[in-house]
Amino acid sequence: IARIIRQRYPFPIPYFMIHFIDNPIRRMVQPLHKHPEHLGIKPGLTVLEIGPGSGTYTLAAAEALGPQGKIIAIDIEERVVEYVRKRIVQQRMTNIDVRQGDAQALAFESESFDAIYAIAVFGEIPDRGRALREFKRVLVPGGTLAISELLPDPDSQPAARVRAECENTGFRFQGKTGNWLYFTLIFDNPDSKLA
């Protein structure tokens, strides 16, 4: 029932759920040590994360980026932003910036990021087409878009739908990783023009 409702009426995950979704079982299914590699994250890049949740994967990505790289994580829910900021301070990370923001109206200049990723968030975006056009706008030519979906998540979207929506926006499919419980689709931005 939850899946039917969430598929028909997408909305961001409520704040109280971020602790529920950050658990050892999920980290076993989506291993932290493989996370940056699966998302195409390399040292020195400038990366945008959509919907950091509890920030666990944000911290792993920031570590992989190294001191020359930077990650900006946005979430529409201010309490999520505040929670992740506290974790960053506790971990003494200096290459993460967390902001309140809407994936459908990004407050960044065009061609600002080398890579964008969203983990178990894509299905929560009410207007995914609008968000994808924004992702395309803020990615550099040749930049990477990675979308991961966790199949038990009631918001998860089928890989074929994610691929079709991304390709319809002008992203070029590069590959798929994962297993039977989750997948990550990797795309590149062939140019900086909107499709």
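Bear in mind that the values here come from a model prediction, so they are computed numbers and not experimental data. (Residues numbered from 1 in each chain as written. Predicted model: local features only at pLDDT ≥ 70, side-chain atom pairs only at ≥ 80, totals over all residues. Heavy atoms only, no water.)

Novice: Explain unusual backbone geometry here, please?
Specialist: Most of the time, phi is negative for any residue but glycine, and the peptide bond is trans. Positive phi, normally seen in glycine, also occurs at Glu111, with a value near 55°. Of note, Glu111 is situated in the loop between strand E3 (96-100) and strand E4 (113-119). Of the residues examined, Glu111 reaches a relative accessible area of 37% and is grouped as partly exposed. Positive phi, close to 55°, is recorded for Ala120, a residue that is not glycine. The exposure class assigned to Ala120 is buried, which follows from its relative accessible area of 14%. (Helix = DSSP H or I, 4+ residues; strand = E, 2+ residues; numbered from the N terminus. Buried < 20%, exposed > 50% of the residue type's maximum accessible area, 1.4 Å probe, protein only.)

Novice: Could you clarify how one ought to interpret the pattern of salt bridges in this entry?
Specialist: Where charged atoms from two side chains of opposite charge approach closely, those side chains can pair. Counted by the stated rule, this structure contains eight salt bridges. Residue Glu77 pairs with Arg79 through a salt bridge whose shortest N-O separation is 3.1 Å. The class of Glu77 is partly exposed, set by a relative accessible area of 21%. For Glu82, the salt bridge goes to Arg85, with nearest N and O atoms at 2.9 Å. Here Glu82 and its partner Arg85 are both found in helix H6 (residues 78-91), three residues apart, which amounts to about one turn of the helix. With relative accessibility at 34%, the residue Glu82 sits in the partly exposed group. Sharing partners across several salt bridges, the network here consists of Glu78, Glu82 and Arg85. (Salt bridge = Lys/Arg side-chain N within 4 Å of Asp/Glu carboxyl O.)

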